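Commentary on secondary and tertiary structure
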Amino acid sequence: MGKGGKGGGGKVEAVLAVLRVSSDNDVLTALSVLLGERPSLLQQLPSLIGEPAQEQMERLVGVIKSFDNAKGFGFIQCDETFHVHQRDVFLSDKQLVEGAMVGAMVSFEVTLNKQGHPQAQNLAPAFVEPMVPEPVRPPQHRKQPSLQPSQRPPAGPGHFIGTVKKFDRAKRFGFIECTELFQQFGRDVFLSDVQIG
């Protein structure tokens, strides 16, 4: 191939014709040898192929549950990741930002380590608008008696009493806080928008 690309159209087509009928392994070997012989081509390669667009990761919100300064790591409590991974999110001291301390609400992205466990990346302080609960009304055709907590029937198998702790309309799910189930399972109850109607 001629330098500058002018006047070498026939040579380029001849080289391409040979590469098109060659195996992938032969093409990669030829490219490797050529790039080794011409380092200036290697420097131009990223601009020719374009850098792959990095996928925008979803940011989550959680609370720093624990952190051991001596060991350099801690954990973030996040209901959304716990629902998926059944564990808290690992937090490395390399991800800490100013103001991060146990009990602080933080925003972060999640990656998975080799074992598939969640790890926090790109930690930032979380600025979350407080959620204003909307009243839940029973259907018009049924009248519900207003019972005081002491008058409520005991929760039986499959029936429990709790409070909607958090519900994200955009993500279409949330969590119910129920003391009895929390004692039994160690976590809040997942609530799908399908159950709300």
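Residues numbered from 1 in each chain as written. Predicted model: local features only at pLDDT ≥ 70, side-chain atom pairs only at ≥ 80, totals over all residues. Heavy atoms only, no water.

For the protein chain, the helix and strand inventory stands at six helices and eight strands. In sequence order, the secondary structure elements of the protein chain are arranged as α-α-α-β-β-α-β-β-β-β-β-α-β-α. The buried share among the 197 residues of the protein chain stands at 18%. Here the analysis covers contacts within the protein chain between residues at least 6 apart in sequence; of these, 43% occur between residues at least 24 apart. Counting only carbon and sulfur atoms, one obtains 56% of the accessible surface of the protein chain, whose full area is about 15600 Å². (Helix = DSSP H or I, 4+ residues; strand = E, 2+ residues; numbered from the N terminus. Buried < 20%, exposed > 50% of the residue type's maximum accessible area, 1.4 Å probe, protein only. Contact = heavy atoms within 4.5 Å. Areas by Shrake-Rupley, 256 points an atom, 1.4 Å probe, with all protein chains shown as cover.)

Below, the discussion takes up the sheet that holds strand 8 (residues 189-192). Taken together, the three strands give an open sheet; going across it, the order is 6-7-8, and neighbouring strands pair in antiparallel fashion. Unpaired on one side and paired on the other, strand 6 (163-168) and strand 8 mark the two borders of the sheet. Across this sheet, the average inter-strand angle for adjacent strands is 30°, counted without regard to direction. Bridge analysis of strand 7 (residues 173-177) against strand 8 gives four bridges, and the strand direction is antiparallel. When the sheet's bridge partners are listed, Gly 174 is paired in strand 8 with Leu 191. (Pairing = 2+ DSSP bridges. Axes fitted to C-alpha atoms, helices over the stretch in contact; angles between N-to-C directions.)

Relative to strand 7, strand 6 runs antiparallel, the two sharing five bridges. Each bridged residue has a counterpart across the sheet, and for Val 164 the counterpart in strand 7 is Ile 176. Hairpin connection, strand 6 to strand 7: the antiparallel pair is bridged by four residues, and Arg 172 has positive phi, about 70°.

Within this structure, the stated rule accounts for three aromatic pairs. Taken together, a centroid distance of 6.0 Å and an interplanar angle of 85° make the contact between Phe 73 and Phe 75 edge-to-face. Given a relative accessible area of 29%, Phe 75 falls into the partly exposed group. Linked through ring pairs, Phe 73, Phe 75 and Phe 90 together constitute an aromatic cluster. (Phe/Tyr/Trp six-rings, centres within 6.5 Å; stacked < 30°, edge-to-face > 60°.)

Now for unusual backbone geometry. Among all residues except glycine, the phi angle is most often negative; among peptide bonds, the trans geometry is most common. If you check the backbone angles, Gln 86 has positive phi at about 60° while not being a glycine. Mapped onto the fold, Gln 86 is located in the loop between helix 4 (79-85) and strand 3 (89-92). Using a relative accessible area of 41% as the deciding quantity, one classes Gln 86 as partly exposed. Non-glycine residue Asn 122 carries a positive phi angle of around 50°.

This next bit is on the confidence of the model for the protein chain. For the protein chain, the mean per-residue pLDDT works out to 75, and 68% of the residues sit at or above 70. Throughout residues 141-147 the model reports pLDDT below 50, and contacts reaching past four residues in sequence, or to other chains, amount to four contacts. Note on residues 150-156: pLDDT is under 50 here. Beyond four places in sequence and across chains, it has eight contacts. (pLDDT = per-residue confidence, 0-100.)

Let us look at the side chain of Glu 109. Relative to the assigned elements, Glu 109 resides in strand 4 (residues 105-112). Side-chain polar atoms of Glu 109 contact the side chain of Asn 122, separated by 2.6 Å. (Polar contact = N/O pair within 3.5 Å; in protein donor to acceptor, adjacent residues only side chain to side chain.)

A side chain of one charge can pair with a side chain of the opposite charge when the charged atoms of the two come close. Per the counting criterion, the structure on display carries four salt bridges. Two residues, Asp 88 and Lys 65, come together in a salt bridge whose shortest N-O distance is 2.7 Å. Here the residue Asp 88 occupies a position in the loop between helix 4 and strand 3, and Lys 65 occupies one in strand 1 (residues 60-68), the gap between them amounting to 23 residues. When its relative accessible area of 46% is taken as the criterion, Lys 65 is described as partly exposed. (Salt bridge = Lys/Arg side-chain N within 4 Å of Asp/Glu carboxyl O.)

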